[in-house]
Amino acid sequence: MFITDDFILYNDTARELYHEYAENMPIIDYHNHLNPQEISEDRMYENITSVWLGGDHYKWRAMRAQGYSEAMITGNAPDYDKFLAYADTVENCFGNPLYHWTHLELKRYFDIDETLNKETAQSIWERCNERLKDRDFSAQNLLRKQRVEVLCTTDDPADDLKWHKKIRETISDIKVYPSFRPGNVLDIEKNTFADYINKLGEVSDVKIKDIDDLVEALKRRLIFFKENGCRVTDHSLECDFFKGYNKDEANRIFTERMSLGKITPDDGAMYRGVILTELGKLYSDKDLVMQLHIGALRNNSVRKFKELGADTGFDSLSDMCYAPQLGALMNEMDRTDRLPKTILYCLNPRDMAMLMAMAGNYQGNEQGIRSKIQLGSAWWFNDHLHGMEEQLQVLSDMGLLSGFVGMLTDSRSFLSFPRHEYFRRILCNKIGEIIEKGQYPKNMEFLGSMVRNICYHNAAEYFRL
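Residues numbered from 1 in each chain as written. Predicted model: local features only at pLDDT ≥ 70, side-chain atom pairs only at ≥ 80, totals over all residues. Heavy atoms only, no water.

Draft legend 1. How the structure looks around the packing of helix α6 (residues 97–110) against helix α19 (residues 418–436). Packing of α6 against α19 leaves a shortest axis separation of 9 Å and a crossing angle of 115 degrees. In terms of axis orientation, α6 runs roughly perpendicular to α19. Regarding α6 and α19, the two cross each other, and that crossing is right-handed. Judged by residue contacts, H100, W101, L104, E105, R108 and Y109 of α6 engage P418, R419, E421, Y422 and R425 from α19. Looking at the contact of α6 with α19 residue by residue, the class counts come to five nonpolar, one polar and five charged. (Axes fitted to C-alpha atoms, helices over the stretch in contact; angles between N-to-C directions. Helix = DSSP H or I, 4+ residues; strand = E, 2+ residues; numbered from the N terminus. Parallel < 35°, antiparallel > 145°, perpendicular 65-115°, else oblique. Left-handed = near helix turned anticlockwise from the far one by under 90°. Contact = heavy atoms within 4.5 Å. Nonpolar A, V, L, I, M, F, W, Y, C, P; charged D, E, K, R; others polar.)

Draft legend 2. Here's a closer look at helix α13 (residues 247–258). Given a rise of 1.5 Å per residue, 12 residues ought to cover 16 Å, and the 16 Å separating the end C-alpha atoms of α13 matches this to within 8%. Of all the residues in α13, the buried ones are A250, N251, I253, F254 and R257. One face of α13 carries all of its buried residues, which in axial projection span an arc of 165 degrees. Buried residues along α13 sit in contact with α11 (193–204), α12 (211–227) and α14 (265–286). You can read the cap of α13 off the contacts: a side-chain oxygen lies 3.2 Å from the backbone nitrogen of D248, and it is on N246. (Expected span 1.5 Å × (residues − 1). Buried < 20%, exposed > 50% of the residue type's maximum accessible area, 1.4 Å probe, protein only. Arc of directions from axis to C-beta. Polar contact = N/O pair within 3.5 Å; in protein donor to acceptor, adjacent residues only side chain to side chain.)

Draft legend 3. Up close: the nonpolar core. Ranked by internal contacts, the top residues of the largest apolar core, which has 155 residues, are I48, W52, F110, L116, L214, Y271 and L326. Residue contributions to this core peak at 10 residues, all from helix α20 (residues 444–462). Ignoring anything within four residues of it in the chain, the contact list for L214 reads V185, I197, L200, I208, F254, Y271 and I275. (Core = buried A, V, L, I, M, F, W, Y, C linked by side-chain atoms within 4.5 Å.)

Draft legend 4. Up close: the sheet that holds strand β10 (residues 373–375). Spatially, β4-β5-β6-β9-β10 is the arrangement adopted by the five strands of the open sheet, whose pairing is parallel. Of all the strands in the sheet, the pair left with one neighbour each is β4 (179–180) and β10. The sheet strands contacting helix α17 (residues 352–360) are β9 (342–346) and β10, and the helix crosses β9 at an angle near 165 degrees. (Pairing = 2+ DSSP bridges.)

Draft legend 5. Examining the pairing of β9 more closely. Most of β9 is tucked away: five of the five residues are buried. Residues of β9 alternate between two faces, with T342, L344 and C346 on one and I343 and Y345 on the opposite face, all of them buried. Sheet topology places β9 next to β10; three bridges connect them, and they run parallel. What sits directly across from L344, in β10, is L375. In this view, the connection linking β9 to its parallel neighbour β10 by way of α17 has right-handed handedness. (Right-handed = clockwise from strand over helix to strand, strands pointing away.)

Draft legend 6. Highlighting the pattern of salt bridges. Under the defined criterion, the tally for this structure stands at 37 salt bridges. As a salt-bridge pair, R135 and D42 come within 3.1 Å of each other at their nearest N and O atoms. Here the residue R135 occupies a position in the loop between α7 (121–132) and α8 (139–145), and D42 occupies one in the loop between α2 (36–40) and α3 (48–52), the gap between them amounting to 93 residues. Its salt-bridge partner being D267, residue R252 comes within 3.1 Å of it at the nearest N-O pair. Of the two residues, R252 is situated in helix α13 and D267 in helix α14; the sequence distance between them amounts to 15 residues. (Salt bridge = Lys/Arg side-chain N within 4 Å of Asp/Glu carboxyl O.)

Draft legend 7. Just the environment of D319, in detail. As for its placement among the helices and strands, D319 is situated in the loop between β8 (316–317) and α16 (323–334). Spatially, the C-alpha atom of D319 lies 9.2 Å from that of L347, the residues being 28 residues apart in sequence. Among all residues touching D319, those that are not within four sequence positions of it are N348 and R350.

Next up, the structure:
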């Protein structure tokens, strides 16, 4: 048996904290990419490949590294052959979080203790598929198996939120809220920008001629999202995003781009900074959380982007330097005390301490919000044992670990929720190490309460759930 009861719990304090306080806490997953239609329709999955490998670029990258052709990954190879290829890949994932995630998922959903490899693959394939025939393994019931109470999906401002409305009408025990992600508004350089702005104008009933019109359209959509349960917003910042606040200049840039004119990188940053500032103020007014995911370098292989499209495993981390821009952006909103609750995520681990220090500049507030500015959980290429430990260490060193809002999946897979267990084990082990070294008193009442707060209650309070 690989996944034991005390997996990653290396001291007595860690074991007590996990089993007594963390293990049975419900899950609030405040950032993921699950499809609300699949939740609403309570999708059944044909086999383990369809629910496990479909859309999971973590697995796809590993399978490519193992030497498998694209047909065996995203192509037309039979699902069983794809599963065999993944089984072979997993055995070679020494030290990779995929090895831990895979076996946690087999254990928690399918009660399978064997390790996945070429020899066990056929048996595991058959047992998983037999279980997946049962209605107990529908999309909604997969969420219930992990005690998921709240999900926040990722949604475009122009979305009609049809499926979220249906979920709210038919499901009472799982809350599925939309998140406001205006990436298509920020990406002014894209060839599709003008068409998208026109679409946004149609759905918001605003004729968008300038920045003020655009902000009004976004405000209307934000009100619509909040009426449908929205608690959180999300932004991916992948290049320069703040060059001062000058609305007249942003208007010039916007008008130029809407007529399909050329703009410079500095123009794009000026425009983005104005829009982000106006959005942040709206979020503050509406008591919504702003998430900033910073530092992805996307679609690096142009050949594969043309073949497969975006989000297929050809993104990486950037080494962009952005601390002055981030500080100036946050300060612009803070000038009038309209900086919203904000979560800062970095893709480059080099930036964790910088973000935590930046968060400390803007914690002050008269509303009594604990850790108003958060260092977000270890994201994407940091989403592994070492990355989570480093994030917890930086948070402890320079902020308040006790105020942390905890883990999320950032996933497209309905089998990804044992990642919360993975995080909780790492969290308890980290705290246990500090206690066992005598660096903090072993007050289990306080420590247990802190663990439960990080696992669940802090997020419930922060996102008003």
